[in-house]
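# Results of the structural survey
The lines below spell out each chain.
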Amino acid sequence: MIVCRRIDNGMGIHKVDRSGGDFWLYRLDGISMPSTTQVVDLPPEAPRAAPEILDRVYRSLLNLLTLEKHHYENLWARGFPPDTNFAFHLLYRSLPLKNRYALASEVLREFGEEIVRLVPGFFQKQKNGNKWWSLSGIPGLFIPVRDLRGWIVGLKIRADDPQVPNRYFYLSSRKHDGPGPGAQLHVPLHTSSSDIVRITEGEIKADLASLRTKLLTVSIPGVSI
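All values reported here derive from a predicted model rather than from experimental measurement.

## So, the pairing of strand S8 (residues 152–159)
With eight of eight residues buried, S8 lies mostly within the body of the structure. For strand S7 (residues 140–146) and S8, the ladder comprises seven bridges, and the chain directions are antiparallel. Within the sheet, the bridge partner assigned to Phe142 lies in S8 and is Ile157. Between S7 and S8, which pair antiparallel one after the other, the connecting turn spans five residues, and Gly150 there sits at a positive phi close to 90°. With three bridges joining them, S8 and strand S9 (residues 168–170) adopt antiparallel strand pairing. Within S9, the residue paired with Arg158 across the bridge is Tyr168.

Rendered as structure tokens:
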């Protein structure tokens, strides 16, 4: 069996992982999946904002946040420079447990509800007949996911809780019937002029490798079920 995150040729089974990314299961021999396999019809995916809109909204959100000391120390231990400038350059930030309403309200005030509802991570909460916007995700380190233009098209979270299985998650609204992030490539900010591009898995690893070696290192999504 193999997993493909890009192509649906009608011979595989469509599934969605915990981060909201689509993938298809195929047999290596090319035979269609057995008809006895039960396929659950998934609801249509909510529309997601265009990359340039995602970039603007996510930058606004990240600029409202800071980077906590324990996240700095974790990045230093990985090999990043022992200062604070690099983190603000890369827009690494800490996602707190509290004050989600305040964060969402600030972003909503700037962009409006029609745009915010299209951005993975934002959702409406309801209680006792009241509704308000909030931000999903468990507390941890925010890692910007960038496209070829340098636009931030997604946010990864490295969970603070070491007991959480698979500590890396995309910021998503799929559990709240909103948009998911998709499976995004990450192209770090870089100064490489080489024709060679290195490939790895993991956004932090790609950022660090590009920074330390001056060779562009692109992160591709891993395989998960």
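## Considering the sheet that holds strand S1 (residues 2–4)
Taken in spatial order, the three strands of this open sheet run S1-S3-S2, and their pairing is antiparallel. Here the strands that pair on one side only, and so sit at the sheet edges, are S1 and strand S2 (13–16). Averaged over all pairs of adjacent strands, the angle between their axes in this sheet comes to 35°, without regard to strand direction.

## Focus on the nonpolar core
In this structure, Leu61, Phe122, Phe142 and Leu155 are the most contacted members of the largest nonpolar core, which totals 24 residues. Counting only elements with at least two residues in this core, the list comes to helix H1 (51–62), helix H4 (100–111), strand S6 (130–135) and S8. If you tally residues by element for this core, the top one is H1, at five residues. Those residues in contact with Leu61, other than ones at most four positions away along the chain, are Leu103, Val107, Phe122, Leu135, Phe142 and Leu155. Formed by 12 residues, the second largest nonpolar core is a distinct cluster that contains Leu75, Phe80, Leu90 and Ile143.

Calculation rules
- Counting from 1, residues in each chain are numbered in the order their sequence is written.
- With the structure being a predicted model, the display of local features is reserved for residues of pLDDT at least 70 and the display and counting of side-chain atom pairs for 80 or more, all residues being used for whole-chain, interface and lining totals.
- The side-chain numbers reported here are obtained from all heavy atoms of the structure, hydrogens and water having been left aside.
- When a residue's accessible area, from a 1.4 Å probe over protein chains only, is under 20% of the maximum for its type it is buried; when over 50% it is exposed; and in between it is partly exposed.
- Secondary structure is summarised from DSSP: a helix means a run of H or I of at least four residues, a strand means a run of E of at least two, and numbering begins at the N terminus for each.
- Following DSSP output, two strands are said to pair if at least two bridges run between them.
- Here, axes are lines fitted to C-alpha atoms. For helices the fit covers the stretch in contact, and angles between N-to-C directions go from 0 to 180 degrees.
- As used in this record, nonpolar core signifies buried Ala, Val, Leu, Ile, Met, Phe, Trp, Tyr and Cys residues forming a set joined through side-chain atoms within 4.5 Å.
- In this analysis, two residues are considered to be in contact whenever any of their non-hydrogen atoms come within 4.5 Å of each other.

Nothing here speaks to function; it is geometry throughout.
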